[in-house]
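Listed below, chain by chain, are the residues.
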Amino acid sequence: MGVKRKAAAAILVLLLCLGSLWIKGGLDYHWDSCLKGYNQGHKDQLHHLSNSSEADETKGPPVLSLCPGQNFQVSVLVSHLLAARAYTSDVLLQPYLSSWDELIKFMESLGSMVSLISKEIETKTSIIRHLALLSERGPEAEFDPDMQSGHSVNTNLGGKNVVGTLQGKGAYNSVRSMIWTELNQGIVDFQHQTDSGCRTILRLHRALLWLKLFLQKLAETPTTGRFRSPSDLCREAYQSTLAHHHTWFVRRAAELAFIALPERGFFFRLVCVQGQEELSVVLTRVVNAIGEIYDRTQKALEENGMLDLP
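Quick caveat: nothing in here was measured; it's all calculated off a predicted structure.

Colleague: Can you tell me about the overall build of the chain, naming the residues and giving the values?
Modeller: The number of helices and strands found in the chain is 12 helices and 4 strands. A buried classification covers 51% of the 310 residues belonging to the chain.

Colleague: An account of empty space enclosed by the protein is needed here, citing residue identities and associated values.
Modeller: As a volume, the largest cavity reaches approximately 90 Å³. Along the wall of the largest cavity there are 13 residues; nearest its centre are F72, F106, L215, V271 and L283. Of all elements in the fold, only helix 3 (74-83), helix 4 (93-109), helix 8 (197-219), helix 11 (264-270) and helix 12 (276-303) reach the threshold of two or more residues within the lining of the largest cavity. With 3 residues, helix 12 is the largest single contributor of residues to the lining of the largest cavity. Grouping the constituent residues of the lining of the largest cavity by class yields 13 nonpolar, no polar and no charged. As a volume, the second largest cavity reaches approximately 30 Å³. Around the second largest cavity sit L110, V114, W210, L211, F214, C234, F258 and L261, which together line it. Considering every element that reaches the lining of the second largest cavity, the biggest residue donor is helix 8, with 3 residues.

Colleague: So what's going on with the pattern of salt bridges? Which residues, and what values?
Modeller: Evaluation of the coordinates by the stated rule reveals 11 salt bridges. A salt bridge links E292 to R85, with the shortest nitrogen-to-oxygen separation between them at 3.4 Å. Here E292, found in helix 12, pairs with R85, found in strand 3 (residues 85-86); they are 207 residues apart in sequence, far enough to count as distant. Owing to a relative accessible area of 24%, E292 belongs among the partly exposed residues under this scheme. For R85, a relative accessible area of 27% gives the class partly exposed. In this structure, K217 engages E236 in a salt bridge whose closest nitrogen and oxygen atoms are separated by 2.5 Å. Here E236 lies in helix 9 (residues 230-240) and K217 lies in helix 8, a separation of 19 residues in the sequence. Residue class for K217 comes out buried when judged on its relative accessible area of 15%. Under the relative-accessibility criterion, E236 is labelled partly exposed at 25%. Through salt bridges with shared partners, a single ionic network connects R85, E292 and R296.

Colleague: Which residues make up unusual backbone geometry, and what are the values?
Modeller: Of note, the phi angle at Y87 is positive, near 55 degrees, even though the residue is not glycine. Phi at C272 is positive, roughly 60 degrees, even though this residue is not glycine. Looking at the element boundaries, C272 is found in the loop between helix 11 and helix 12. In this structure C272 comes out as buried when scored by relative accessible area, which is 1%.

Colleague: Can you lay out the packing of helix 8 against helix 12 for me, pointing to particular residues and giving the numbers?
Modeller: Remark: helix 8 packs on helix 12, axes separated minimally by 8 Å, with the N-to-C direction vectors making an angle of 155 degrees. Between helix 8 and helix 12, the interaxial angle falls into the category roughly antiparallel. For the crossing formed where helix 8 meets helix 12, the hand is left-handed. By residue class, the composition of the contact of helix 8 with helix 12 is 15 nonpolar, 8 polar and 1 charged.

Colleague: Which residues make up the state of the cysteines, and what values go with them?
Modeller: What we call a disulfide is simply a covalent bond connecting the sulfur atoms of a pair of cysteines. For the structure on display, the rule yields 1 disulfide. Through a disulfide, C67 is tied to C272; the S-S separation comes to 1.9 Å. Between C67 and C272 the disulfide shows an S-S torsion of about 75 degrees. By sign, it is right-handed. You can see C67 sitting in the loop between strand 2 (63-65) and helix 3 and its partner C272 sitting in the loop between helix 11 and helix 12, a full 205 residues away along the chain.

Colleague: Outline helix 9, listing residues and values.
Modeller: Within the span of helix 9, buried status applies to P230, S231, L233, C234, A237 and Y238. Taken end-on, helix 9 shows its buried residues confined to a sector of 165 degrees, consistent with a single buried face.

Colleague: Talk me through helix 7 (residues 175-184); I want residue IDs and the actual numbers.
Modeller: Because an α-helix completes one turn every 3.6 residues, residues spaced three or four positions apart along the sequence face the same direction. With 9 of 10 residues buried, helix 7 lies mostly within the body of the structure. Phi for G186, located one or two positions after helix 7, is positive at around 70 degrees.

Colleague: Now, about the packing of helix 4 against helix 5 (residues 112-136): what can you tell me, with residues and values included?
Modeller: In contact at an axis separation of 9 Å, helix 4 and helix 5 are set at 165 degrees when each is read in the N-to-C sense. Overall, the two elements helix 4 and helix 5 adopt an arrangement that is roughly antiparallel. Of the two elements, helix 4 crosses helix 5, and the hand of that crossing is left-handed. Here L93, L97, S98, W100, D101, I104, M107 and E108 of helix 4 come into contact with helix 5, specifically with V114, S115, I117, S118, K119, I121, E122, T125, I128 and R129. Looking at side-chain class alone, the contact of helix 4 with helix 5 contains 9 nonpolar, 4 polar and 5 charged residues.

Reading guide: rules and limits
- Residues numbered from 1 in each chain as written.
- Predicted model: local features only at pLDDT ≥ 70, side-chain atom pairs only at ≥ 80, totals over all residues.
- Heavy atoms only, no water.
- Helix = DSSP H or I, 4+ residues; strand = E, 2+ residues; numbered from the N terminus.
- Buried < 20%, exposed > 50% of the residue type's maximum accessible area, 1.4 Å probe, protein only.
- 1 Å grid on protein atoms, 1.4 Å probe; cavity = no way out; pocket = protein on both sides within 12 Å on 5 of 7 lines; lining within 4 Å.
- Points joined across faces, edges and corners; volume = space filled by probe spheres on them.
- Nonpolar A, V, L, I, M, F, W, Y, C, P; charged D, E, K, R; others polar.
- Salt bridge = Lys/Arg side-chain N within 4 Å of Asp/Glu carboxyl O.
- Axes fitted to C-alpha atoms, helices over the stretch in contact; angles between N-to-C directions.
- Parallel < 35°, antiparallel > 145°, perpendicular 65-115°, else oblique.
- Left-handed = near helix turned anticlockwise from the far one by under 90°.
- Disulfide = S-S within 2.5 Å.
- Arc of directions from axis to C-beta.
- Contact = heavy atoms within 4.5 Å.

In structure tokens, the structure reads:
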């Protein structure tokens, strides 16, 4: 036990550093009676959620239910993700950030090691909320959702103060309105790190891809052989996404954090399912919903040359 405790202490020290570096570079789980209180037949517990990519015209859209005793609710997450869709290619920021609130709960449920990472993500969501609050105090500005924000904008910043230049009540209504506003007001810096909304959303965007890929891998059922551990799947998803934007130290610390991930059975209890088949159905819904939001955000950032903001 002495060796294990020393190893755990060493990991914790590394992760304390990781918590502050996670996004910049680029569980106390309560074993409540989830399955005991789970009753799929209770109509008052059901969230009827439609997904255009998953709905079956003959069977109707899949149904997700609230999971008693859990802080993280997968049905609430999907509700926020679906509500974030705007027009044909935009993302509403309020439900987008609410989606992150639920994803943060998901990460915190995975244990104290991973929850250190979620703290930095929560800091990023707070930055955008603060910018939105500041913008509401300024004069109302108009925004055309179909405008290509990459055209006719001023990107010569000259060290402008973000807070001092925020204007427009609807400036932070959506991803595209935020991009349009910050480019036109010279808030985005393409050379130096700032706390602009565009840079912040890019960091969240990268983290969202990591979580999407992890959940996608967790939903897969192998045709042959045994199931791979969530720890291995999470590490593999990280190496394909966020690791490209992190330093060597952060990458090593992150992989240590993933060692502490719970086993697959934990995820059954987390979303109140009986086994892998049901888990695959639920997580596929989540992955599809995340995927649409990710694709819309990716397109908006790419159109304005923001995929590599420092």
